[in-house]
Amino acid sequence: MAVFVALGAFLMTLAGGWTAQRVTDRRHLVLGLAGGLMLGVVGLDLLPEALKAAGGEVFGVPAALLLFVTGFLVAHLVERLLAARQASHGGEENSGRVPEVGLTAAAAMVGHSAMDGVAIGAAFQVGGGMGTAVALAVVAHDFADGFNTYTITSLYGNARRKALTMLFADAAAPVAGAASTTFVTIPEGLLGGYLGLFGGVLLYLAAAEILPEAHHEHPARSTLLCTVAGALFIWLVVGLAG
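Residues numbered from 1 in each chain as written. Predicted model: local features only at pLDDT ≥ 70, side-chain atom pairs only at ≥ 80, totals over all residues. Heavy atoms only, no water.

Visitor: How would you summarise the overall build of the chain if you had to cite specific residues and measurements?
Guide: Within the chain, the regular secondary structure consists of eight helices and two strands. Reading the chain from its N terminus to its C terminus gives the helix and strand order α-α-β-β-α-α-α-α-α-α. A total of 242 residues make up the chain; the buried ones form 44% of that total. A sequence separation of at least 24 residues applies to 81% of the contacts in the chain between residues at least 6 apart. For the chain, the computed accessible surface area is about 11500 Å², with 70% contributed by carbon and sulfur atoms. (Helix = DSSP H or I, 4+ residues; strand = E, 2+ residues; numbered from the N terminus. Buried < 20%, exposed > 50% of the residue type's maximum accessible area, 1.4 Å probe, protein only. Contact = heavy atoms within 4.5 Å. Areas by Shrake-Rupley, 256 points an atom, 1.4 Å probe, with all protein chains shown as cover.)

See below:
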């Protein structure tokens with residue numbers, strides 16, 4: 001049952017990526033929406049779950065929040081180190097961006113989607129009602145995952161073929177994750193720490209890259225509205241799932 005539900009997440013992820021590539025003539029709106037979706041996923045979905053799962057504290061600060069800040073800083077350091085290395089070798093950058101950062105971020109999205117599949121499988125082990133609730137949340141927000149995966153990969157100058165490859169990997173990841181729950185169970189604390197770390201990476205990409213690019217050439221009110229709409233959409237998904 002869990003794998004069957006994960007197939008719905010597979011289709012929803014592909015639908016999100018298809019939408020992102022079909023509206024390239026409104027790139028600023030796509031980026032604005034992607035930024036809002038990422039902000040909503042981090043603040044309304046990932047962080048609350050991370051704080052519940054990784055409840056321990058380190059020097060008075062929740063471990064999940066420390067990993068969240070670590071993820072943000074790691075994303076910033078990786079991007080700057082890759083950019084400096086490419087510049088020192090005379091390589092051209094894509095408006096200050098290097099393709100490896102986009103691929104790394106997309107790979108993190110794939111890992112997150114695999115964890116979504118694991119969450120579906122684990123929830124169905126607890127009970128049918130829990131499994132259904134988690135499945136609805138995952139399938140609904142996988143549209144945003146597919147949209148963001150394709151957008152991030154393309155934004156950093158990667159070819160369309162690579163963006164599609166990462167999109168299909170992201171779509172298949174929940175199915176693989178759900179299937180894996182028949183063999184292994186991930187400790188709750190470890191899962192919470194991962195969610196915190198991944199949330200920091202996503203927030204960096206949204207705040208430092210996606211949203212500034214969205215407003216760079218088209219500082220329009222419609223772009224801002226798309227960002228707000230993206231965050232509100234994730235709020236709706238989280239609310240309905242709860």
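Next comes the rest of the description.
Visitor: Talk me through the confidence of the model for the chain; I want residue IDs and the actual numbers.
Guide: Averaged over all residues, the pLDDT of the chain is 80; the fraction at 70 or higher stands at 81%. Per-element confidence in the chain ranges from a low mean pLDDT of 73 for helix α5 (residues 128-155) to a high of 92 for strand β2 (residues 61-62). (pLDDT = per-residue confidence, 0-100.)

Visitor: So, a nonpolar patch on the surface: which residues are in play, and what are the values?
Guide: Residues Leu 44, Leu 224, Val 228, Leu 232, Trp 235 and Val 238 make up a contiguous nonpolar surface patch of roughly 540 Å² in combined accessible area. Its place among the elements puts Leu 232 in helix α8 (residues 221-241). (Patch = residues over 30% accessible without salt bridge, like charges linked within 9 Å, V, L, I, M, F, W, Y side chains within 5 Å. Salt bridge = Lys/Arg side-chain N within 4 Å of Asp/Glu carboxyl O.)

Visitor: How would you sum up the packing of aromatic side chains? Please name residues and give values.
Guide: Applying the stated criterion to the full structure yields one aromatic pair. Plain terms: the ring middles of Phe 72 and Tyr 204 are 5.2 Å apart, the flat faces sit at 85 degrees to each other, and that makes the pair edge-to-face. Here Tyr 204 lies in helix α7 (residues 188-216) and Phe 72 lies in helix α3 (residues 63-88), a separation of 132 residues in the sequence. The class of Phe 72 is partly exposed, set by a relative accessible area of 29%. Looking at Tyr 204, the relative accessible area reads 6%, which means it is buried. (Phe/Tyr/Trp six-rings, centres within 6.5 Å; stacked < 30°, edge-to-face > 60°.)

Visitor: Residue-level account of unusual backbone geometry, with values.
Guide: Unlike most non-glycine residues, Phe 59 shows phi in positive territory, near 55 degrees. With respect to the helices and strands, the residue Phe 59 is situated in the loop between β1 (57-58) and β2. Using a relative accessible area of 85% as the deciding quantity, one classes Phe 59 as exposed.

Visitor: Summarise helix α2 (residues 27-53); cite the residues concerned and give the values.
Guide: For an α-helix, the turn length of 3.6 residues means that residues three or four places apart are oriented alike. Relative to the 39 Å expected for 27 residues at 1.5 Å per residue, α2 spans 37 Å between its end C-alpha atoms, a close match to the ideal helical length. At Val 42, α2 shows its strongest bend, of approximately 35 degrees. (Expected span 1.5 Å × (residues − 1). Bend = angle between axes of the 7 residues up to and from the residue.)

Visitor: Let's hear about the nonpolar core: which residues, and what values?
Guide: Counting 38 residues, the largest nonpolar core has Met 38, Leu 46, Ile 152, Leu 202, Leu 205 and Ile 210 as the members making the most contacts within it. Of all the elements in the fold, those that place two or more residues in this core are α2, α3, α4 (99-126), α5, α6 (160-180) and α7. Sequence-distant contacts of Ile 152, that is, excluding residues within four places in its chain, are made with Met 38, Gly 102, Ala 105, Leu 205 and Ile 210. Judged by nonpolar contacts, the second largest core, of five residues, contains Val 5, Ile 120, Phe 124 and Val 139. (Core = buried A, V, L, I, M, F, W, Y, C linked by side-chain atoms within 4.5 Å.)

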